[in-house]
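Notes for the structure review
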Amino acid sequence: MTRALAPATASKLAKLGIRSRRDLVLHLPLRYDDETRLTPPGQAPPGTPVLIESPVRRVEVVYRGKRQMLVECEGIALRFLHFYPNQKQAFERAIAHGLRVRAYGELRPARGGAEMIHPRYHLVAPGEPLPATLTPVYPTTAGLGQATLRKLVQQGLAEESIEDTLPAFLRERHGLAPLEASVRLLHAPAPGADLAEAWRRVKFDELLAQQLQLRLARRKRREKLALALPSNGPLLRRFLGKLPFRLTRAQQRVMAELLKDLVQPHPMQRLLQGDVGSGKTIIAAIACLAAVDAGAQAAVMAPTEILAEQHHRKFSAWLAPLGVRIAWLHGALPAAEKRRVRAAIAKGEAGIAVGTQALFQEGVEFARLALAIVDEQHRFGVKQRLELRRKAESALAHQLMMSATPIPRTLAMTRDADLDVSTIDELPPGRKPVITHTYAAARRAEVLARIRAACAEGQQAYWVCPVIDESKEALQAALDTHAELSAELSGLRVGLVHGRLAPQDKAAAMDAFSAGATQLLVCTTVIEVGVDVPNASLMVIEHAERFGLAQLHQLRGRIGRGARASECVLLFQEPLSDAARERLKVIRESADGFAIAEADLRLRGPGEFLGERQSGDLPLRFADLAADEPLVLAARAAAEELLDAGEDFARGHIERWLGARADFHRV
Ligand code: ADP
Ligand code: MG
């Protein structure tokens, strides 16, 4: 900024992301006040702020329970609950000099006419012209008033030239308004002006900056080196020759995409998405074999102990017969055992290591890590993902992220645009769709009867307790429910698993359920991701109204894995909020993870959608990924075109729009 700012003002501006005059110019209004027209006090519609003008008759300080300043005008009074002595003096001078007051606020009926409480106001000479444009209201922060902010923005606009960072051919192709005119219009539009084109331009530029940033990161990755892995090594060939089942067409396609990446001497960064139960695990195992065939190692990380244990079990069943050694690192291992496992990884004796994030912490050294796989990657926080990426990058390892939470198209194109994406869009054959019912909690007895009937037929069931986190109350709820159900369903073998169990006890509870030793598993959301027990065909979710859509879909994905028709019963407590009713309706009517994710995005907005774990991921100020999908597509196309026209150009554009925020997007 050219004019020196008071440090206090500068730090407040910094809070708003404003660090330069250029940032000020792009600090755009949230909305506008219309101070271009005067409204006679008698004609003001109730509840709408208006501008009135009137001579000042009298000013006095009165006590109505509290000290107040009352300014009497013609047919209207202004009432101030907080005021300074100099305000009163200014009104007194106005009376003496015949000045008038212009006040902006809502009118309320009062004794002897109308009144405004705490209006924004200023004093004017008779006949002073009204502003021709709307008054902008900017996003601001505590201690920084609109008047100050407006003045600063005005200064910025006067001093800064806003050159267009887009070449003419791009503006024409995408039908974009000129930037400078758009920005100036948005700061000061005439009443009734159409702002759609101006906003479109601004949002486009912002989305374009984001796309460029992601693309540049991707280009940089292509310059890095990684170990090229063979796509037809002996282990891989043997495994493909004796797969436990026939891969679906989608699995085959995705496998080919992955192997094609892995033979490159550059690090793969691929997101493998596929709805719950689509069969991502076997693809991960295949990729691991490519690493082992190269004489190197693969690491498979899961977000929960239960899932890591299950992966270990599956990988061992599939790959140990080929002579591949699989290490399992988990929190409950005795210290000596842990040391032994770590040593096997460090010496390269273990070809594949499976575990929770402990795999990448606690000083685990790999002899030759060539591939890092993260299952259910959306369950890891931004920081963990970043940390992991760094570890993998410093080992020059390929990376495969897997996710069963389908990411709506626009999000995939933005948040994950620096990843290549493979999608399994087909379920293994023979799956029967899960039938979903919603029952009021009062119908619990019916639900118990259903559980009895299912178990009598040799099926198994989950009972998911009504909690979101693994807090103390969660534990209590699970324990209580377990005790109740054990009593109510006497004769059935009822198991229990929750997050507070020691890892070996969790594993034992899951093993018992997996083996059919327990028939009903009372659980918290620890079973939400990944758990695969095909014989379980009934799931009851208590207080389903408290769960998010993505979570309900994930939970329900635990059933419907066998050949038998499965049923999911969502018990809800009345009264239901509108939002909860809508969520339950979506989940009852749709089994398609993508459709559910789109509905989730629509119902909650992208920030919420990503959840607090990932907020900060989306530095968009103007564009809205859900509402502006066509613009995201256009910006994506334009990013390619612009990069082809040279990187300097792109850097200028990123700098303008993301500036200090640019780093944030590295995740
Ligand atoms: P997810 O994609 O949710 O991780 P999994 O990999 O756990 O799914 O697979 C779900 C179930 O389907 C597992 O029991 C798995 O062995 C089985 N499965 C995977 N692919 C196939 C296939 N092509 N044919 C038959 N069953 C399959
Ligand atoms: Mg899985």
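Residues numbered from 1 in each chain as written. Chains lettered and ligands numbered in written order. Predicted model: local features only at pLDDT ≥ 70, side-chain atom pairs only at ≥ 80, totals over all residues. Heavy atoms only, no water.

1. A look at the overall build of the chain
In terms of helices and strands, the chain carries 22 helices and 22 strands. Judged by the C-alpha coordinates and their principal axes, the chain covers about 100 × 65 × 45 Å. Looking at the chain as a whole, 53% of its 667 residues are labelled buried. About 29300 Å² of surface is accessible on the chain, with carbon and sulfur atoms providing 53% of the total. One way to put it: in the chain the 90 positive side-chain charges average out to a point 2 Å from where the 77 negative ones average out. (Helix = DSSP H or I, 4+ residues; strand = E, 2+ residues; numbered from the N terminus. Buried < 20%, exposed > 50% of the residue type's maximum accessible area, 1.4 Å probe, protein only. Areas by Shrake-Rupley, 256 points an atom, 1.4 Å probe, with all protein chains shown as cover. Lys, Arg positive; Asp, Glu negative; His and termini not counted. Charge placed at Lys NZ, Arg CZ, Asp CG, Glu CD.)

2. A closer look at the environment of Ile373
Residue placement: Ile373 occurs in strand E14 (residues 369–374). In sequence terms Ile373 and Pro40 are 333 residues apart; their C-alpha atoms lie 69 Å from each other. Once you skip the residues sitting within four places of it in the chain, Ile373 turns out to touch Ala284, Cys288, Ala299, Val300, Met301, Leu400 and Met402. (Contact = heavy atoms within 4.5 Å.)

3. Side note on the packing of aromatic side chains
Under the criterion given, the structure shown has 9 aromatic pairs. A centroid spacing of 5.0 Å and a plane angle of 55° characterise the contact between Tyr462 and Phe513, whose relative ring orientation is tilted. Of this pair, Tyr462 sits in strand E18 (residues 460–464) while Phe513 sits in helix H17 (residues 503–514), and the two are 51 residues apart along the sequence. Members of the aromatic cluster, each reached through a chain of ring pairs, are Phe80, Phe91 and Tyr121. In this structure, Arg443 packs its charged tip against the face of Tyr439, placed 3.8 Å from the ring centre. (Phe/Tyr/Trp six-rings, centres within 6.5 Å; stacked < 30°, edge-to-face > 60°. Lys NZ or Arg CZ within 6 Å of the ring centre and 35° of its normal.)

4. Some words on the site of ligand 1
Residues in close proximity to ligand 1 total 17 residues, the closest being Gly277, Lys280, Thr281, Arg431 and Asp532. A distance of 2.8 Å separates a nitrogen atom of ligand 1 from a polar atom in the backbone of Arg246. Ser278 is positioned such that a nitrogen or oxygen atom in its backbone is 3.4 Å from an oxygen atom of ligand 1. Protein contact buries 88% of the 560 Å² of open area that ligand 1 shows by itself. (Near = heavy atom within 4 Å. Polar contact = N/O pair within 3.5 Å; in protein donor to acceptor, adjacent residues only side chain to side chain.)

5. Let's talk about the domain arrangement of the chain
Annotation of the chain at the domain level lists domain 1 (37–130), domain 2 (205–222 + 625–654), domain 3 (234–424) and domain 4 (434–590). Its C-alpha centre places domain 1 at a distance of 51 Å from the equivalent point of domain 2. (Domains from an automatic or database assignment.)

6. Considerations on the sheet that holds E18
The strands making up a sheet associate through backbone hydrogen bonding, with each pair oriented either parallel or antiparallel. What the 6 strands build is an open sheet, ordered E17-E22-E21-E18-E20-E19; its pairing is parallel. What marks the edges here is a single partner per strand, and that holds for strand E17 (435–440) and strand E19 (494–497). Strand-to-strand twist of the sheet, defined as the mean angle between neighbouring strand axes without regard to direction, takes the value 20°. Here E18 runs beside strand E20 (residues 520–523); their pairing, made up of 4 bridges, is parallel. Counted as the bridge partner of Trp463 is Val522 from E20. Packing of helix H15 (residues 444–456) onto the sheet brings it into contact with E17, E18, E20, strand E21 (536–541) and strand E22 (567–572), and relative to E21 it is tilted by some 165°. (Pairing = 2+ DSSP bridges. Axes fitted to C-alpha atoms, helices over the stretch in contact; angles between N-to-C directions.)

7. Thoughts on the environment of Phe649
Locating Phe649 in the fold gives a position in helix H22 (residues 647–658). Classification of Phe649 by relative accessible area gives partly exposed; the value is 31%. Sequence separation between Phe649 and Gly143 is 506 residues, and the spatial gap between their C-alpha atoms is 38 Å. Beyond its immediate chain neighbours, meaning those up to four positions away, Phe649 contacts Thr165, Leu166, Pro167 and Leu642.

8. A closer look at the confidence of the model for the chain
This prediction gives the chain a mean pLDDT of 88; 92% of its residues lie at or above 70. Mean pLDDT values over the elements of the chain span from 67, in helix H14 (residues 409–414), up to 98, in helix H10 (residues 281–293). For the stretch residues 608–618, pLDDT sits under 50, and the model shows 30 contacts to residues farther than four places along the chain or on other chains. Counted against residues more than four places away or in other chains, residues 663–667, with its pLDDT under 50, gives 15 contacts. (pLDDT = per-residue confidence, 0-100.)

9. Some words on unusual backbone geometry
For the bond running from Glu574 to Pro575, omega is -5°, close enough to zero to count as cis. Note on placement: Pro575 falls in the loop between E22 and helix H19 (578–589). The phi torsion at Glu376 lies on the positive side, around 50°, for a residue other than glycine. With respect to the helices and strands, Glu376 occurs in the loop between E14 and helix H13 (382–394).

10. Quick word on the sheet that holds strand E4 (residues 76–80)
Strand order in the open sheet formed by 7 strands is E6-E7-E4-E3-E2-E5-E8, and the pairing between neighbours is mixed. The sheet terminates laterally at strand E6 (108–110) and strand E8 (120–124), the two strands that pair on one side only. Strand after strand, the sheet turns through a mean of 40° between neighbouring axes, direction not considered. Where helix H3 (residues 85–97) meets the sheet, its contacts fall on strand E2 (50–63), strand E3 (67–73), E4, strand E5 (100–105) and E8, and the angle it forms with E2 comes to roughly 115°.

11. Observations regarding the pairing of strand E12 (residues 326–329)
Neither face of E12 is open: one carries Ile326 and Trp328, the other Ala327 and Leu329, and all of them are buried. Pairing analysis gives 4 bridges linking E12 to strand E13 (residues 352–355), with the strands arranged parallel. Residue pairing across strands places Ala327 opposite Ala353, the latter belonging to E13. Of the crossover connections in this fold, the one passing from E12 over helix H12 (residues 335–346) to the parallel E13 is right-handed. (Right-handed = clockwise from strand over helix to strand, strands pointing away.)

12. Observations concerning the nonpolar core
Val183, Phe204, Leu207, Leu208 and Leu212 are the most contacted members of the largest nonpolar core, which has 45 residues in total. Taken together, the elements giving at least two residues each to this core come down to helix H2 (21–25), helix H4 (146–159), helix H6 (179–187), helix H7 (196–222), helix H21 (629–644) and H22. Once residues lying within four places of it in the same chain are set aside, the contact partners of Leu208 are Leu166, Ala635, Ala638, Ala639, Leu642 and His653. Residues Leu247, Leu289, Val292 and Ile326 belong to the second largest nonpolar core, which totals 41 residues. (Core = buried A, V, L, I, M, F, W, Y, C linked by side-chain atoms within 4.5 Å.)

13. A look at the pairing of E4
Taken across its 5 residues, E4 has 5 buried, putting it largely inside the fold. Residues Ile76, Leu78 and Phe80 of E4 are buried on one face, and the alternating residues Ala77 and Arg79, pointing to the opposite face, are buried as well. Relative to E4, E3 runs antiparallel, the two being bridged by 4 bridges. Within E4, the residue paired with Glu72 across the bridge is Ala77.

14. Section: the pattern of salt bridges
Under the definition given, this model contains 40 salt bridges. Between Arg22 and Glu655 there is a salt bridge whose closest N-O contact spans 3.9 Å. Linking Arg22 in helix H2 with Glu655 in helix H22, this pair joins segments that are 633 residues apart in sequence. Judged by its relative accessible area of 44%, Glu655 falls in the partly exposed class. (Salt bridge = Lys/Arg side-chain N within 4 Å of Asp/Glu carboxyl O.)

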